[in-house]
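For reference, the chains in residue letters:
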Amino acid sequence: KQEVTQIPAALSVPEGENLVLNCSFTDSAIYNLQWFRQDPGKGLTSLLLIQSSQREQTSGRLNASLDKSSGRSTLYIAASQPGDSATYLCAVSRNNAGNMLTFGGGTRLMVKP
Amino acid sequence: EPEVTQTPSHQVTQMGQEVILRCVPISNHLYFYWYRQILGQKVEFLVSFYNNEISEKSEIFDDQFSVERPDGSNFTLKIRSTKLEDSAMYFCASSEQGMNTQYFGPGTRLTVL
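Presented here is an overview of the structure given in this document. (Residues numbered from 1 in each chain as written. Chains lettered and ligands numbered in written order. Predicted model: local features only at pLDDT ≥ 70, side-chain atom pairs only at ≥ 80, totals over all residues. Heavy atoms only, no water.)

**A short note on the overall build of chain A**
Scanning chain A from terminus to terminus reveals 0 helices and 11 strands. Ordered by position from the N terminus, the helices and strands of chain A form the series β-β-β-β-β-β-β-β-β-β-β. Relative to the compact-globule value of 13 Å for 113 residues, chain A shows a C-alpha radius of gyration of 14 Å, a close match. Every one of the 113 residues in chain A was classed for burial, and the buried ones make up 44%. Entry remark: accessible area of chain A is about 5200 Å², with carbon and sulfur atoms responsible for 49%. (Helix = DSSP H or I, 4+ residues; strand = E, 2+ residues; numbered from the N terminus. Rg over C-alpha atoms; globule rule 2.2 N^0.38 Å. Buried < 20%, exposed > 50% of the residue type's maximum accessible area, 1.4 Å probe, protein only. Areas by Shrake-Rupley, 256 points an atom, 1.4 Å probe, with all protein chains shown as cover.)

Structure, rendered in structure tokens:
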């Protein structure tokens, strides 16, 4: 059974810092990995999707990398801003028709002005 | 930008009652999903739906749950006889193709008393 773990569970940084969020998964037979942002009491906003054949994806100040063989992904946030404060979730999908996503527990990020 | 919508935003019901949660996926998407998040816990997959039938379901999705696409726009989740432990945020999601980015709605908070 796929298990997804995110470290750290919480992170507090001053504005302007570059930071790295980590995601690990136990079964490397994934089809893709998706990073989401969740604001308190809100839905999930998709940030980046990396196919299993890709090594990284970039969107603005965000860069996500994937090392499928070692079961790891990182989300790099450059020049963090208070508006980046949220919970960041990673999720992996298996190689099957259902496209079920298995989620990690998230990293709660606070960026202080 | 197209988005997934869900109604109601909050539903309160008595234990044993039936509830129907409604979702309108993004219009050109073909794959639909339900997930739930119990307060303080991980987001969990319930079911995926394609071509008018269930593609995959989790252990959570037992005989008390059912899904339906009653017309060309709505996608519903029915819980036949709610239990206290069904209290959670329920998220609907959709994707254009099976392995593409999943876009999530804002969620319906279900409270079972």
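Continuing now.
**Digging into the environment of Leu21(B)**
All names here are of chain B. Along the chain, Leu21 turns up in strand E3 (residues 19-24). When its relative accessible area of 0% is taken as the criterion, Leu21 is described as buried. With 89 residues separating them in the primary sequence, Leu21 and Leu110 have C-alpha atoms 9.0 Å apart. Discounting residues that sit within four places of it in the chain, Leu21 has contacts with Thr7, Trp34, Phe75, Thr76, Leu77, Tyr90 and Thr108. (Contact = heavy atoms within 4.5 Å.)

**Side note on the state of the cysteines**
Tallying each qualifying case throughout the model produces 2 disulfides over all chains. Across the disulfide, Cys23(A) is cross-linked to Cys90(A) (sulfur-sulfur distance 1.9 Å). Across the S-S bond linking Cys23(A) and Cys90(A), the dihedral sits near 75°, which makes this disulfide right-handed. With Cys23(A) in strand E3 (residues 19-25) and Cys90(A) in strand E9 (residues 86-94), this residue pair connects regions lying 67 residues apart in the sequence. We note that Cys23(A), like Cys90(A), is buried. Here Cys23(B) connects covalently by a disulfide to Cys92(B), the sulfurs 1.9 Å from one another. Judged by the torsion about the S-S bond (-60°), the Cys23(B)/Cys92(B) disulfide is left-handed. (Disulfide = S-S within 2.5 Å.)

**Quick word on the pattern of salt bridges**
All names here are of chain A. The final tally for this structure, using the stated rule, is 4 salt bridges over all chains. When the shortest N-O distance is used, the salt bridge between Asp39 and Arg37 registers 3.0 Å. By relative accessible area, which is 17% here, Arg37 ends up buried. (Salt bridge = Lys/Arg side-chain N within 4 Å of Asp/Glu carboxyl O.)

**Some remarks on the sheet that holds strand E8 (residues 75-79) of chain B**
Residues and elements named next belong to chain B. Taken together, the 4 strands give an open sheet; going across it, the order is E1-E3-E8-E7, and neighbouring strands pair in antiparallel fashion. The two strands at the open ends of the sheet, each matched to only one other strand, are strand E1 (5-7) and strand E7 (65-68). Neighbour-to-neighbour, the strand axes of this sheet turn through a mean angle of 20°, independent of strand direction. Direction of pairing for E1 relative to E3: antiparallel, over a ladder of 3 bridges. Bridge pairing links Thr7 to Arg22 in E3. (Pairing = 2+ DSSP bridges. Axes fitted to C-alpha atoms, helices over the stretch in contact; angles between N-to-C directions.)

**Here's the deal with the interface of chain A and chain B**
The partner chain B presents 20 residues to the 26 residues of chain A that form the contact. Summed over both sides, the interface between chain A and chain B buries roughly 1700 Å², with carbon and sulfur atoms accounting for 54% of that surface. Where chain A touches chain B, the interface holds 1 salt bridge. Connecting chain A to chain B are 7 residue pairs in polar contact (both at pLDDT 80 or more). For the side of chain A that touches chain B, the secondary-structure elements that each account for two or more residues are strand E4 (30-38), strand E5 (44-51), E9 and strand E10 (101-103) of chain A. The residue inventory of the side of chain A that touches chain B, partitioned by class, reads 10 nonpolar, 13 polar and 3 charged. (Buried area = accessible area lost by both parts, 1.4 Å probe. Polar contact = N/O pair within 3.5 Å; in protein donor to acceptor, adjacent residues only side chain to side chain. Nonpolar A, V, L, I, M, F, W, Y, C, P; charged D, E, K, R; others polar.)

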